[in-house]
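Per-entry structural report
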Amino acid sequence: PAPPALLPYVPRVPPAALPGKLTATTFALERPCCVFDRHANASDTVWLAVAFANASAAFRNPPSRADVPPYEQLPTAHSYMTLETAAATYACSASSPAVLRVGGDTLCGGQGGRDPCNGPLPSPGPYRVKFLVMGCHGPKAETRWSDPILLRRAGSPSTIDPAPVRHGSDVVVIASILASLGAVLAAAVLCATGAEAWGSLCHQDSGTGAFARRSYRTHHIPPALPQPLPPGCRCSPPGLGCFAPRPPGPCPAK
């Protein structure tokens, strides 16, 4: 069969800042829009070949879908193929996500190669990738290999500096200012609370003193007027009261 057409397109990681563009097990690729329109028809599919950078030159295109290298053989074959997609998905008129995620499927590793697996990448790499158009009779077109793609490395505990971080003089000044402001605020709160309590006590004392100094005045009771003596009553010496004169007794018999 004729060799596949070599397309000038070079896959690449998006240059813009994207969340998770490069992680320890995945990386993002730009979607190859309008790249395969003149080389693929409705029945064709587009695959992504992934290989270690030092093994990409030894990669051989599979003659059919049955010969596609699976993800599980990456540790030994140093390459695999994934992301099988209908060629129409990458057409100019298609609306598809702007990026592809390589290594984003964490549940397909146990399928035994029955379906193309897009499992996590086992090491930082570096890796190279290319797109391959597969028809009913084998490869039809392919892109160039990408530049090496190096994933992020997980931090090693031995690289952690046990010494405390030394803050700059600006940080120390800011911390001192914040501490002073906190002390002033606390003092102001305490003064306000003490003044309020003292004012309350003074108010209570002033109310009690006013009540103590308040004089008690009884209602005016006019003095009793002398009552007229009843008829036939004469006064006894002072302090003995009044009594009626007794009539003279009968004369003694002679």
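Quick note: structure is the one above.
In this report, we go over the structure that sits alongside the text. (Residues numbered from 1 in each chain as written. Predicted model: local features only at pLDDT ≥ 70, side-chain atom pairs only at ≥ 80, totals over all residues. Heavy atoms only, no water.)

Formed by 28 residues in total, the largest nonpolar core has its most connected members in Phe-27, Leu-29, Phe-36 and Phe-131. Those elements that place two or more of their residues in this core are strand 2 (27-30), strand 3 (45-52), strand 5 (99-102) and strand 6 (127-135). Residues within four places of Phe-36 in sequence aside, it is in contact with Leu-7, Val-46, Tyr-90, Phe-131, Val-133 and Thr-143. (Core = buried A, V, L, I, M, F, W, Y, C linked by side-chain atoms within 4.5 Å. Buried < 20%, exposed > 50% of the residue type's maximum accessible area, 1.4 Å probe, protein only. Helix = DSSP H or I, 4+ residues; strand = E, 2+ residues; numbered from the N terminus. Contact = heavy atoms within 4.5 Å.)

If charged atoms from side chains of opposite charge come close, those side chains can pair. Summed over all chains, the structure comprises four salt bridges. The salt bridge partner of Asp-44 is Lys-140, with a shortest N-O separation of 2.7 Å. Placement of Asp-44 in the loop between strand 2 and strand 3 and of Lys-140 in strand 7 (residues 138-142) is noted, with a sequence separation of 96 residues between them. Between Lys-130 and Glu-142 there is a salt bridge whose closest N-O contact spans 2.6 Å. (Salt bridge = Lys/Arg side-chain N within 4 Å of Asp/Glu carboxyl O.)

Moving on to the side chain of Lys-130. One can find Lys-130 in strand 6. A relative accessible area of 4% means that Lys-130 is categorised as buried. Here the side chain of Lys-130 touches Glu-142 through a polar contact of 2.6 Å, side chain to side chain. In contact with Lys-130, not counting residues within four places along its chain, are Pro-11, Trp-47, Leu-48, Ala-49, Phe-59, Asn-61, Glu-142, Thr-143, Arg-144 and Trp-145. (Polar contact = N/O pair within 3.5 Å; in protein donor to acceptor, adjacent residues only side chain to side chain.)

Let us look at the state of the cysteines. In total, this model carries two disulfides according to the counting rule given. Disulfide partner of Cys-108: Cys-117, at an S-S distance of 1.9 Å. Judged by the torsion about the S-S bond (65 degrees), the Cys-108/Cys-117 disulfide is right-handed. Like Cys-117, Cys-108 is buried. With cysteine numbering restricted to those in disulfides and following the sequence, the chain has the pairing 1-2, 3-4. (Disulfide = S-S within 2.5 Å.)

In this section: the packing of aromatic side chains. Counted by the stated rule, this structure contains seven aromatic pairs. Residues Phe-36 and Phe-131 carry aromatic rings whose centres are separated by 6.2 Å and whose planes lie at 65 degrees to one another, so their mutual orientation is edge-to-face. Taken together, the residues Phe-36 in the loop between strand 2 and strand 3 and Phe-131 in strand 6 connect sequence positions 95 residues apart. (Phe/Tyr/Trp six-rings, centres within 6.5 Å; stacked < 30°, edge-to-face > 60°.)

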